Amino acid sequence: MNKITYYSFHIEGDDLCEVEKFVTRFNIPAYKDDYENIMSVVRHMGTCTGAGEHYFRHERAAEALPPPYRSGNVRLYCSRVSPDIVILGNGCVKTAQKVQQSEDCLFHFEFMNALSRQITERIVEGDLRMFNRQLEGNLHFKIGDCYE
Amino acid sequence: MSKIFEDALNALPAHAMERAAMSLEVADRIHAILEKKGMSHRDLAQALGKSESEISKWMRGTHNFTFDTIAKINMALDAKLIYVPKARSVKQGDGRLAKSDATVIPIKPLKSATGLSDTSQQWSLYREVGNRAATVPLTLNRN
């Protein structure tokens, strides 16, 4: 990937990082179109275009990569730190118009929002720096009461 | 890079990649034209008679554009979203040759045509191909 450095986050004690959970869950025939569309956008941005702001769906402090416009409700939550640094999270199937009413999405939505806010705070305070498409500094986060 | 993630990206079918690339390129093109013309998504939406939220969905790069949609956007933006190269261009002429019309044909140095008895009166233009003399259908008369 010569345009974007993709990060994901690894919850302590889990076998897979969050984007690996997304791949494992959605790379099945039932979600084929949605999954391939999202992952193709991830790859194309990473190799060709960079993370243009207009490619993302804004989800409060975080972002999400969109499912196909006319069908499918799969979301991949992420945090666009800069045009060349993107943190990929896990995804979900959105079952209601509002994410707050979608049980599958709510956790991932809130988790990525909390992470995005902490990243922004650390960048502002100087605990995190962006250099040469990399994040440098403290990359350990404590989110909520359960996750560190 | 995570092996699972890398394998997943490498396993994507070519047509899915092409589809994503094309849709993002169209979204980029609209974005660039809007910026150049100082137009907002709302302006484009109004010109197309659509809601702003629908235009924003197009900008996310996953909308399946139809020729109908593209034609309407072309009209609304007064610009071409997609250029299709023509197979060949036909230039309108005015019946006169210009320098730009010249076609260079590699011709060996002129020699008198073989088999012509009166070379003082007629000259043939020909070129040699291997050992054979190939004439072109042109005879020059010396004045």
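Structure report, in brief. Quick caveat: nothing in here was measured; it's all calculated off a predicted structure.

**Digging into the pairing of strand β3 (residues 62-65) of chain A**
Residue and element names in this part refer to chain A.
- Here β3 shows no split at all, with A62 and A64 on one side and E63 and L65 on the other all buried.
- Relative to β3, strand β2 (residues 57-59) runs antiparallel, the two being bridged by 3 bridges. Across the sheet, the residue bridging to E59 is A62, located in β3.
- Hairpin geometry of β2 and β3 is characterised by an intervening segment of 2 residues between the two adjacent antiparallel strands and by a positive phi of about 55 degrees at R60.

**Some words on the interface of chain A and chain B**
- Chain A puts 28 residues into the contact, and the matching count from chain B is 27 residues.
- Summing both sides of the interface, chain A and chain B together bury roughly 2,500 Å²; the carbon and sulfur share of this comes to 66%.
- Along the contact surface separating chain A from chain B lie 0 salt bridges.
- At the junction of chain A with chain B, the criterion picks out 4 residue pairs in polar contact (both at pLDDT 80 or more).
- Contributing elements (two or more residues each) for the side of chain A that touches chain B: α1 (18-26) and α2 (32-49) of chain A.
- The element that contributes the greatest number of residues to the side of chain A that touches chain B is α2(A), accounting for 12 residues.
- By residue class, the composition of the side of chain A that touches chain B is 17 nonpolar, 5 polar and 6 charged.

**Focus on unusual backbone geometry**
Residues and elements named next belong to chain A.
- Although it is not a glycine, R60 adopts a positive phi angle of roughly 55 degrees.
- Residue class for R60 comes out exposed when judged on its relative accessible area of 65%.
- The backbone of N132 sits at a positive phi, close to 50 degrees, despite the residue not being glycine.
- Exposure remark for N132: the relative accessible area of 61% places this residue in the exposed category.

**A short note on the packing of α2(A) against helix α2 (residues 14-37) of chain B**
- α2(B) packs onto α2(A) with a crossing angle of 65 degrees between their chain directions and a minimal axis gap of 8 Å. Like other packed secondary-structure pairs, α2(A) and α2(B) cross with a definite hand, here right-handed. Packed against α2(A), whose contacting residues are A:D33, A:E36, A:N37, A:S40, A:V41, A:R43, A:H44, A:M45 and A:T49, the element α2(B) presents B:H15, B:A16, B:M17, B:R19, B:A20, B:A21, B:L24, B:E25 and B:D28 at the interface.
- For the contact of α2(A) with α2(B), the class distribution of residues is 7 nonpolar, 5 polar and 6 charged.

**Brief notes about the sheet that holds strand β1 (residues 5-8) of chain A**
Residue and element names in this part refer to chain A.
- With mixed pairing, 5 strands are arranged side by side in an open sheet as β1-β5-β4-β3-β2. Both edges of this open sheet fall to β1 and β2, since each of them pairs with a single strand only. Put simply, the sheet's adjacent strands are angled 40 degrees from each other on average, direction ignored.
- As paired strands, β1 and strand β5 (residues 85-93) are joined by 4 bridges and run parallel to one another. Counted as the bridge partner of Y7 is I87 from β5.
- Across the sheet, α1 touches β1, β4 (74-82) and β5, and the angle it forms with β5 is around 40 degrees.

About the thresholds
Residues numbered from 1 in each chain as written. Chains lettered and ligands numbered in written order. Predicted model: local features only at pLDDT ≥ 70, side-chain atom pairs only at ≥ 80, totals over all residues. Heavy atoms only, no water. Buried < 20%, exposed > 50% of the residue type's maximum accessible area, 1.4 Å probe, protein only. Helix = DSSP H or I, 4+ residues; strand = E, 2+ residues; numbered from the N terminus. Pairing = 2+ DSSP bridges. Contact = heavy atoms within 4.5 Å. Buried area = accessible area lost by both parts, 1.4 Å probe. Salt bridge = Lys/Arg side-chain N within 4 Å of Asp/Glu carboxyl O. Polar contact = N/O pair within 3.5 Å; in protein donor to acceptor, adjacent residues only side chain to side chain. Nonpolar A, V, L, I, M, F, W, Y, C, P; charged D, E, K, R; others polar. Axes fitted to C-alpha atoms, helices over the stretch in contact; angles between N-to-C directions. Left-handed = near helix turned anticlockwise from the far one by under 90°.

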